[in-house]
Amino acid sequence: MKYEAVIGLEVHVQIKTHSKIFARVGAGYGHEPNTLTDPVVLALPGTLPVMNKAALDAVIKAGLMLGCEIAPLCKWDRKNYFYPDSPKNYQISQYDQPICVGGEVEIELPGPARNLMGEHKRIPLTRIHLEEDVGKLNHFAGDSLVDFNRAGTPLMEIVSEPAMHTAEEAFAYLTSIRATMIYGGISDCDMEKGQLRCDANISIRPVGETKLGTKVELKNLNSISFVRDGIAYEIRRQVAALESGGIIVQETRDYDGQTGVSQSLRSKEMAHDYRYFPDPDLMPVKVDEAWKARLKAECPELPFQKQRRFIEAYQIPYTISSVLVWDKDLSDYFEEAAKLSGKPQAAGNWIVNDLLREIGASKASLEVSRVRPAHIADLVKLVDGGQLLTAAAREVFIEMFATGEMPGVIADRKSLKAAPADAGELEQWCREAIAANPKSLSDFKTGKDSAINGFKGFVMKAAKGKASPKLIDETLRKLLNAPM
Amino acid sequence: MSTELFFKPVTELAGLLEAKTVSAVELTKAVIARTKAVDARVKAFNSYDEADALAQAEASDTRRAAGQARGLLDGIPVGFKDVISVAGQPLTASSRMLANFVSPYDATVTRKLKDAGAISWGRLNLDEFAMGSSTENSAFQATCNPWDLSRVPGGSSGGSAAALAAGEAIATLGSDTGGSIRQPAALCGVVGLKPTYGLVSRYGLIAFASSLDQIGPFARTVDDAALLLEAIAGHDPLDSTSVNRPVPRYSEEMHRIRREKKVFRLGIPKEYFGEGLDPEVGAAVEKAIGFYKSQGCEIREVSLPHTEYGVGVYYIIATAECSSNLARYDGIRYGHRSKEAKDVVDLYFKSRAEGFGAEVKRRIILGTYVLSSGYYDAFYLRAQKVRTLIRQDFLNAYKDVDAILTPTSPTPAFRAGDKSDPLAMYLCDVYTIGVNLAGLPGISVPCGFSSGGLPIGLQLIGQPFKEAELLAIADLYEGGHDWQRRHPKL
């Protein structure tokens, strides 16, 4: 029998705010244990939570970016359970009225080849709600210590419908959410820092069956590759169980990314009764149209939208676009360089091939790179004008990356500029090129404009590269369009 | 015969301090001496810090000498129920769980009173975590009624009421979740005010039932209660449930209302005068009604038809909230930690079993039950609906009346140990619970004594945020009587 997997993901995203969600103390990662605490975070007797509006702003913005409906009221509930990392032994969360309802996440599956766009799908969301993060337990021999620095960090939980069917889809889903959240400035989504965490609900059913099978919750998928591997493992495990005549038990399993194996954590019977009820310490907050409109205006274009626009407006290849759009800063950088240079494809190539290589090699970042879009644009123009040959331009690039000087300055200083070809000489080469390519000539005359490219290589070769492509183009057109 | 300093009201002491007839240090020393003389019998204090109080008094005198006195409360020793946080002082909730806990921060009311120059004086006993009506549920000691030491002072703020009645403080703060200020005020013969929910910040008050808890003052006179209220009321950015609206100067506003000689319309809810009401209490309240009539007030019968559900609704909502509020006492970060525990689950079980008393456990279990999956709708959700009806009852009544008049407690102070049945104890709050469920202000003022010499309290219930009018109505009664000038012989 053929089986189909049904996968739903619960993704926790830490929201990047200056302070915690219900306390005035700062939020952050990597501080000395228990330094980001105050009486409220530690749940000392008598303390009360007060909502940080920035956290609510962020989740509403996230919801708007993902096309969710925003609830008119932000209501808070208590989720009651005992655990040493939870200072109050209840978590302030949202139960029956999540702040965001519905929405979808656009994903792209791997294409047939690296340079071809894959299939796009839209994974529907059930809800997004806001809650507070808990602290962190550190286990030592005979002792466990709690660090409450993380406790009270704003956290949103993005719950998908059970609408994915492969580990690849889940992987693509998580990748897309991650990019979207980074785009919106909502989170840095660093999985190593726990800023993005994922649990998966997985079931299988015979292909063609519409009823859902018994689901297993897989926890601790703490890296994007663990998500893919863990889900693939779980699907295999369930198929093997059914094929050997066994059954799937509803349970929660813990995935160990190191061993690639999952283990049962608790069964359905051991499930918690969280005794949710409205938190009497927090008043519901009204979210009106003006509030939503303000945040809507802050929503950036999403990565896939941008990719479609880049490919259409700038005529850049899919591979270049898919490098550019997943990093918002990089895509902004590209757009500026594209506009300044007037040559988006050339600018895109310099950025994706040379700039990223140099940044990677020097362990720098785009932010601190001395090469700004204006440098790229000037470089593109020098090459396009025939003043810099490809090899020379590469040398200029490396120097410019190191010094931040403009490319023209470097080329002059290092005498790298090519002497421009003599106009008469150029025209002669063009005539020779036309004479040598009758096929291209007849194609061009019958209206195939691109046939002109057939002459250009000849001319450039004759000029030993020391001619401006622009000038070659102009000269060729002048000759081709002249009555013969 | 001149009254001892420790029995004088704030308004009078403020004059003496202002005139420098008495210094804050002298006043504080008098209060300390009185406490030392009587508290072994009254047992109102869990602890007090004499040196700290005297240092505060000296600072007050220094301010005054420099012409920088902060107002009428500057130099007045005010006692704190041991659920209200004072930085550097114990905060025990009269529970073994917090027996050794010292709070590192000030509650908002504490900060406000300190800003007004008041001296924070002592930690006052209560029923553990404010759960009870007799102050017998304290893990440390049972407080006694100063009028009859064999009787209870009421609760849960029994220490606050008894200390004031016994002259061990000039005013005190308590908290009221179902009557915990008004009932002990009535049983100890002092004024006790429970403000509108949201008027006074709860930040720094150990939560029992968050949607019902309010901090309020105990005072010798209505005037004093007004002074304390205006010092502690007002919006607090640290408490989301505190209401952002301007706070009047209650002490001036209530006198302005009195001067207007408005004809107050007072409602008498027939449901509050039925079975279970002690005849002497009933008679005293009837006399109070007669007094208001004689002052030209309109007396109207009103109906609060859902009154009978009050106690039931209260014990669902309050226990549900407390089961969650008290979850933080787990022995992990602070508080009692069992030395016997084998693992973390065992640590929870043992620490909480050892740290909490029987009544607290009973309520946590009840609250856990009513919130459980499958029971939530039948209990908690339904109780919330009835709560809305109870509030609506009051708001309907206020279409015809300015305030509602009832007994505060069905009986005067009962004997210690008399109400060992929890249900009998719960019924002590039958007249006070509705006010909390509806979020209204209520005040208890002394309105006579039983034949056995025990104080009786009159409860006046006001409209939301109309404390000034409520105080004016209470002040009208107090002005025609001298109950507040009687003091227990200790």
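Residues numbered from 1 in each chain as written. Chains lettered and ligands numbered in written order. Predicted model: local features only at pLDDT ≥ 70, side-chain atom pairs only at ≥ 80, totals over all residues. Heavy atoms only, no water.

### Description of the overall build of chain A
- Within chain A one finds 15 helices and 17 strands.
- Across its three principal axes, chain A shows a C-alpha extent of roughly 90 × 55 × 50 Å.
- The buried share of chain A, reckoned over its 484 residues, is 50%.
- The long-range share in chain A, meaning contacts at least 24 apart out of those at least 6 apart in sequence, stands at 69%.
- Of the roughly 22600 Å² of accessible surface on chain A, 53% is carried by carbon and sulfur atoms.
- Taking the average place of the 60 positive charges on the side chains of chain A and the average place of its 65 negative ones, the gap between the two points comes to 4 Å. (Helix = DSSP H or I, 4+ residues; strand = E, 2+ residues; numbered from the N terminus. Buried < 20%, exposed > 50% of the residue type's maximum accessible area, 1.4 Å probe, protein only. Contact = heavy atoms within 4.5 Å. Areas by Shrake-Rupley, 256 points an atom, 1.4 Å probe, with all protein chains shown as cover. Lys, Arg positive; Asp, Glu negative; His and termini not counted. Charge placed at Lys NZ, Arg CZ, Asp CG, Glu CD.)

### A closer look at the sheet that holds strand S4 (residues 77-80) of chain A
Residues and elements named next belong to chain A.
- Strand order in the open sheet formed by three strands is S5-S4-S16, with antiparallel pairing between adjacent strands. Bordering the open sheet on either side are strand S5 (90-93) and strand S16 (277-278), each of which pairs with just one other strand.
- Here two bridges tie S4 to S16, and the two strands are oriented antiparallel to one another. In the sheet register, Asp 77 faces S16, and the bridge partner there is Pro 278. (Pairing = 2+ DSSP bridges.)

### Digging into the domain arrangement of chain B
All names here are of chain B.
- Structurally, chain B comprises domain 1 (5-265 + 403-485) and domain 2 (308-384).
- The C-alpha-based centres of domain 1 and domain 2 are spaced at 27 Å.
- With 26 residues of domain 1 in contact, the opposing surface of domain 2 contributes 25 residues.
- Taken over both partners, the interface formed by domain 1 and domain 2 buries close to 2200 Å², and the fraction arising from carbon and sulfur atoms is 67%.
- The largest per-residue losses of area from domain 1 upon contact with domain 2 belong to Met 97, Met 131 and Tyr 426, which jointly make up 32% of the total buried on that side.
- At the boundary of domain 1 and domain 2, one finds zero salt bridges.
- Joining domain 1 to domain 2, the criterion identifies ten residue pairs in polar contact (both at pLDDT 80 or more).
- A per-class count over the side of domain 1 that touches domain 2 returns 16 nonpolar, seven polar and three charged. (Domains from an automatic or database assignment. Buried area = accessible area lost by both parts, 1.4 Å probe. Salt bridge = Lys/Arg side-chain N within 4 Å of Asp/Glu carboxyl O. Polar contact = N/O pair within 3.5 Å; in protein donor to acceptor, adjacent residues only side chain to side chain. Nonpolar A, V, L, I, M, F, W, Y, C, P; charged D, E, K, R; others polar.)

### With respect to the packing of aromatic side chains
- Within the structure shown, the criterion is met by 35 aromatic pairs over all chains.
- Taken together, a centroid distance of 5.8 Å and an interplanar angle of 75 degrees make the contact between Tyr 81 of chain A and Tyr 274 of chain A edge-to-face. Within this pair, whereas Tyr 81 of chain A is found in the loop between S4 and S5, its partner Tyr 274 of chain A is found in the loop between strand S15 (261-267) and S16, the two being separated by 193 residues in sequence.
- Ring centres of Phe 291 of chain B and Tyr 292 of chain B lie 6.0 Å apart, and the angle between their planes is 65 degrees; on these two criteria the pair is classed as edge-to-face.
- Under the relative-accessibility criterion, Tyr 292 of chain B is labelled buried at 0%.
- An aromatic cluster is present here, built from Phe 101, Phe 129, Tyr 329, Tyr 334 and Phe 356 of chain B joined pairwise through their rings.
- The ring of Tyr 274 of chain A carries the charged tip of Lys 79 of chain A above its face, separated from the ring centre by 4.4 Å.
- One cation-aromatic arrangement involves Arg 228 of chain A over Phe 171 of chain A; the distance from NZ or CZ to the ring centre is 3.7 Å. (Phe/Tyr/Trp six-rings, centres within 6.5 Å; stacked < 30°, edge-to-face > 60°. Lys NZ or Arg CZ within 6 Å of the ring centre and 35° of its normal.)

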